[in-house]
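Residue-level structural notes
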Amino acid sequence: MDAEKIKSALADVTDEQDPTLKSAKLASLCSALWAERGVELVVVGGSAIEILTEGAYASGDLDMCHANKATLSVDERKEIMGLLAAKGGPRNWQVAGMYLDLLGPVESFSHTPFRRIEAPYGSFLVMKPEDLLVERVLMTFYLGESQTARDCAKKLVAMMLDGIIPVNWDEVRRLANLPEYRNLPQCIKLVKEVADELKIKSPLHPD
Amino acid sequence: MNSKSKVPCIPIEGSINWEDWLKGRRYRRELGNRVAPEIIRRKTSSSDRRLKKLFNGERGLPFTPTEKL
């Protein structure tokens, strides 16, 4: 990406006042710049759920991970993020009026692909909703019940059940049975709850 | 495309283009609102200090109201 295009993209992201659009545009811009050096980035966690659900959940930081094995030296990171006038580093930056946290290699158990959005400065990857759901259900119950994590999981389930975010339900079931999660009963219960609210059948429910 | 609406889905394979993703924003927000409160941003987190400093005491920019999506 040439300097003029970077300058114009940075101005656009900086001026953007819608938090979800701002995150998506920043993910697009950073993904493009890092991809030029061989590193594929992916939006993870609450930032990914926000982009998938429009759930009014995320705060003013964008969480991303490496989706491939490549990584960059501290100097290379400084150089790339310097193009965006970012402050801080080498893993957290204040950039374009928000924060970017680069959390290291992505942890994903699903065999489905990362989702991809073609955005103004290049396409970017979003964490697999199968992983996001099982993780969010874990967070709902792990340290006593968290209402925010529960609401977040419910919104994600609503998108999945509706079909606006197609998912592989067999994968959800498989992940929830992994030792890392072991939360299939909670997943089934939550999906059933949302399905009942939407008056549709739960794909995880036996009858 | 979702079978029940005219809103493009975020597919498992391939990609969704920007215009289609934008087109689905309101539908996704309204669908989520049927099962949970509209705004569910956490009240606190370990990032509070830096967030509140940048966003004038808030944890992020205000969300665009559903009717304006």
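Each value, and the rule that gives it
- Residues numbered from 1 in each chain as written.
- Chains lettered and ligands numbered in written order.
- Predicted model: local features only at pLDDT ≥ 70, side-chain atom pairs only at ≥ 80, totals over all residues.
- Heavy atoms only, no water.
- Helix = DSSP H or I, 4+ residues; strand = E, 2+ residues; numbered from the N terminus.
- Rg over C-alpha atoms; globule rule 2.2 N^0.38 Å.
- Contact = heavy atoms within 4.5 Å.
- Areas by Shrake-Rupley, 256 points an atom, 1.4 Å probe, with all protein chains shown as cover.
- Lys, Arg positive; Asp, Glu negative; His and termini not counted.
- Charge placed at Lys NZ, Arg CZ, Asp CG, Glu CD.
- Buried area = accessible area lost by both parts, 1.4 Å probe.
- Salt bridge = Lys/Arg side-chain N within 4 Å of Asp/Glu carboxyl O.
- Polar contact = N/O pair within 3.5 Å; in protein donor to acceptor, adjacent residues only side chain to side chain.
- Nonpolar A, V, L, I, M, F, W, Y, C, P; charged D, E, K, R; others polar.
- Pairing = 2+ DSSP bridges.
- Buried < 20%, exposed > 50% of the residue type's maximum accessible area, 1.4 Å probe, protein only.
- Expected span 1.5 Å × (residues − 1).

Across its full length, chain B carries 3 helices and 1 strand. Put simply, chain B runs from its N terminus to its C terminus through helices and strands in the order β-α-α-α. Relative to a compact globule of 69 residues, whose C-alpha radius of gyration would be 11 Å, chain B shows 16 Å and is clearly more extended. Residue pairs at least 24 apart in sequence account for 32% of intrachain contacts in chain B once pairs closer than 6 positions are excluded. As presented, chain B carries roughly 4,200 Å² of accessible surface, and 50% of it is formed by carbon and sulfur atoms. Side chains of chain B carry 17 positive and 8 negative charges; the gap between the two charge centres is 6 Å.

Below, the discussion takes up the interface of chain A and chain B. A common way to state how big an interface is: give the accessible area lost once the parts meet. Listed as interface residues are 54 residues of chain A and, on the opposing side, 44 residues of chain B. Note on chain A versus chain B: buried area summed over both sides is about 4,100 Å², and carbon and sulfur give 62% of it. Inspection of the chain A/chain B interface yields 5 salt bridges. For Glu54 of chain A, the salt bridge goes to Arg25 of chain B, with nearest N and O atoms at 2.6 Å. Summed over the shared surface of chain A and chain B, the result is 21 residue pairs in polar contact (both at pLDDT 80 or more). Mapped onto the side of chain A that touches chain B, the elements with two or more residues apiece are helix H2 (19-35), helix H3 (45-53), strand E4 (92-95), strand E5 (98-105), strand E6 (115-119), helix H6 (147-162) and helix H8 (184-198) of chain A. Sort the elements by how many residues they give to the side of chain A that touches chain B and H6 of chain A lands first, with 9 residues. Along the lines of polarity and charge, the residues of the side of chain A that touches chain B split into 25 nonpolar, 13 polar and 16 charged. Taken together, the 2 bridges between E6 of chain A and strand E1 (residues 16-17) of chain B define a ladder with parallel strand orientation. Residue Ile117 of chain A lies in a different strand from E1 of chain B, and its bridge partner there is Ile16 of chain B.

All names here are of chain A. In this chain, Gly89 is followed by Pro90 through a cis amide linkage whose omega measures 5°. A positive phi is found at Ala96, a non-glycine position, where the angle reads about 55°. The topology assignment puts Ala96 in the loop between E4 and E5. Backbone geometry places Lys199, a non-glycine residue, at a positive phi of 60°. Using a relative accessible area of 73% as the deciding quantity, one classes Lys199 as exposed.

Attention now moves to H6 of chain A. All names here are of chain A. Given a rise of 1.5 Å per residue, 16 residues ought to cover 22 Å, and the 22 Å separating the end C-alpha atoms of H6 matches this to within 8%. Among the 16 residues of H6, 14 are classified as buried, and the element is accordingly described as predominantly covered. Count one or two residues on from H6 and you reach Gly163, which has phi positive near 100°.

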